[in-house]
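# A look at the structure
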Amino acid sequence: MLAPTHVIYLTGLLDVRSVGDVRQQLNQLIDNSEGDVVVDLESLDALDATGLGLLVATHRRTQLLGRQLVLRHPVPAVIRILAATRLHRILHIERTPLPISA
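Residues numbered from 1 in each chain as written. Predicted model: local features only at pLDDT ≥ 70, side-chain atom pairs only at ≥ 80, totals over all residues. Heavy atoms only, no water.

Looking now at the overall build of the chain. The number of helices and strands found in the chain is 3 helices and 4 strands. Put simply, the chain runs from its N terminus to its C terminus through helices and strands in the order β-α-β-α-β-α-β. Considering the chain as a whole, with its 102 residues, one finds that 37% of them fall into the buried category. Expressed as a percentage of contacts within the chain between residues at least 6 apart in sequence, the contacts between residues at least 24 apart total 75%. Taken as a whole, the chain presents about 6500 Å² of accessible surface, with 55% of it coming from carbon and sulfur. (Helix = DSSP H or I, 4+ residues; strand = E, 2+ residues; numbered from the N terminus. Buried < 20%, exposed > 50% of the residue type's maximum accessible area, 1.4 Å probe, protein only. Contact = heavy atoms within 4.5 Å. Areas by Shrake-Rupley, 256 points an atom, 1.4 Å probe, with all protein chains shown as cover.)

Right under this line is the structure:
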């Protein structure tokens, strides 16, 4: 049986102004649930160093608890930032499948 998955959907910018609220949501989700923690990035336009720091800290916290942080469907701009910082090698990323054209 698979462990339950819990999802937080981020929109707009994950930056110094929004990171506090997102941190609180993530911590509440981690404290009150079991299984993987999924952050859906499909509607996230961009993130700054503070946002990256939050994702890394959340990754570490979930790992210590024997769980996994999953970044789902990041947009190309976010993928570029993760690749430039080499965080794509550390964080678990689920990319949106490319459409199959006939």
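On to the pairing of strand E1 (residues 6–14). Sheet topology places E1 next to strand E2 (residues 37–47); 8 bridges connect them, and they run parallel. Paired with histidine 6 across the strands is valine 37, a residue of E2. Since E1 and E2 lie parallel, the crossover through helix H1 (residues 19–31) that links them has a hand, and here it is right-handed. (Pairing = 2+ DSSP bridges. Right-handed = clockwise from strand over helix to strand, strands pointing away.)

By size, the foremost hydrophobic cluster in this structure holds 24 residues, and its most contacted members are Leu10, Leu14 and Leu71. Looking at this core, the elements that each hand over two or more residues are E1, H1, E2, helix H2 (49–64), strand E3 (69–72) and helix H3 (76–84). If we ignore the near neighbours within four places in the chain, the residues touching leucine 14 are Val19, Val22, Leu44, Ala46, Leu47, Asp48, Gly51, Leu54 and Leu55. (Core = buried A, V, L, I, M, F, W, Y, C linked by side-chain atoms within 4.5 Å.)

Here glutamine 25 lies in helix H1. Measuring from C-alpha to C-alpha, the distance between glutamine 25 and isoleucine 8 comes to 8.0 Å, with 17 residues separating the pair along the chain.

Strand order in this open sheet of 4 strands is E1-E2-E3-E4, and the pairing throughout is parallel. Each having just a single partner strand, E1 and strand E4 (92–94) make up the two edges of the open sheet. Between one strand and the next, the sheet's axes are offset by a mean angle of 30°, whatever the strand orientation. On top of the sheet, H1 reaches E1 and E2; it is set at about 175° to E1, its chief contact. (Axes fitted to C-alpha atoms, helices over the stretch in contact; angles between N-to-C directions.)

Right, let's get into the packing of H1 against H2. Between H1 and H2, whose axes approach to 10 Å, the crossing angle comes to 10°. Taken as axis vectors, H1 and H2 run roughly parallel relative to one another. Here Val19, Val22, Arg23, Leu26, Asn27, Ile30 and Asp31 of H1 lie close against H2, whose contacting residues are Thr50, Gly51, Leu54, Thr58, Arg61 and Thr62. (Parallel < 35°, antiparallel > 145°, perpendicular 65-115°, else oblique.)

As a further point, take unusual backbone geometry. Here the phi dihedral of histidine 73 falls at roughly 55°; this positive angle occurs in a residue that is not glycine. Residue position: histidine 73 is located in the loop between E3 and H3.

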